[in-house]
Amino acid sequence: MERISRVWAAVVTGFLATVLIPATAWAEETGVADIVRKKKSSFGFGSIFGLLCCLVVVAIIVGVVLLVMRSRKK
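Residues numbered from 1 in each chain as written. Predicted model: local features only at pLDDT ≥ 70, side-chain atom pairs only at ≥ 80, totals over all residues. Heavy atoms only, no water.

Enquirer: Would you mind going over a nonpolar patch on the surface in detail, with residue names and values included?
Expert: Side chains of V12, F15, L16, V19, L20 and I21 sit close together on the surface and give an oily, nonpolar patch of about 520 Å² of accessible area. Counting through the fold element by element, L20 comes out in helix α1 (residues 2–30). (Patch = residues over 30% accessible without salt bridge, like charges linked within 9 Å, V, L, I, M, F, W, Y side chains within 5 Å. Areas by Shrake-Rupley, 256 points an atom, 1.4 Å probe, with all protein chains shown as cover. Salt bridge = Lys/Arg side-chain N within 4 Å of Asp/Glu carboxyl O. Helix = DSSP H or I, 4+ residues; strand = E, 2+ residues; numbered from the N terminus.)

Structure follows, in structure tokens:
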């Protein structure tokens, strides 16, 4: 279990360092962040689709972790 925790920590850190931080810097530099901040938030189709997509991704990750943990117990 401890090894899985270290692997997930490394994956999250790698993701943040290689994708999220440069994307945030790019959005601030080009003005995209200002457009997103000014946009009125409405709970429409895009928000519902985004929420469902996020839930599906989380469910897949949890399922894979559970399968890995179950296979290591045997």
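From this point, the narrative continues.
Enquirer: Go over the layout of surface pockets with me, naming the residues and quoting the values.
Expert: Computed from the structure, the largest pocket encloses a volume of approximately 160 Å³. Together, R3, I4, V7, W8, V11, V64, V65, V68 and R72 line the largest pocket. Those elements that place two or more of their residues in the lining of the largest pocket are α1 and α3 (45–73). By residue number, the principal contributor to the lining of the largest pocket is α1, which donates five residues. A class-by-class count of the residues in the lining of the largest pocket yields seven nonpolar, no polar and two charged. (1 Å grid on protein atoms, 1.4 Å probe; cavity = no way out; pocket = protein on both sides within 12 Å on 5 of 7 lines; lining within 4 Å. Points joined across faces, edges and corners; volume = space filled by probe spheres on them. Nonpolar A, V, L, I, M, F, W, Y, C, P; charged D, E, K, R; others polar.)

Enquirer: Which residues make up the state of the cysteines, and what values do they have?
Expert: On inspection of all chains with the given rule, the structure shows zero disulfides. Counting only cysteine sulfurs, C53 is the nearest neighbor of C54, a cysteine outside any disulfide, at a range of 7.4 Å. Overall, C54 belongs to the partly exposed group, its relative accessible area being 45%. (Disulfide = S-S within 2.5 Å. Buried < 20%, exposed > 50% of the residue type's maximum accessible area, 1.4 Å probe, protein only.)

Enquirer: An account of α1 is requested, with residue identities and associated values reported.
Expert: Given a rise of 1.5 Å per residue, 29 residues ought to cover 42 Å, and the 41 Å separating the end C-alpha atoms of α1 matches this to within 8%. A maximum bend of about 40 degrees is found in α1 at L16. G31, located one to two residues past α1, shows a positive phi value of around 95 degrees. (Expected span 1.5 Å × (residues − 1). Bend = angle between axes of the 7 residues up to and from the residue.)

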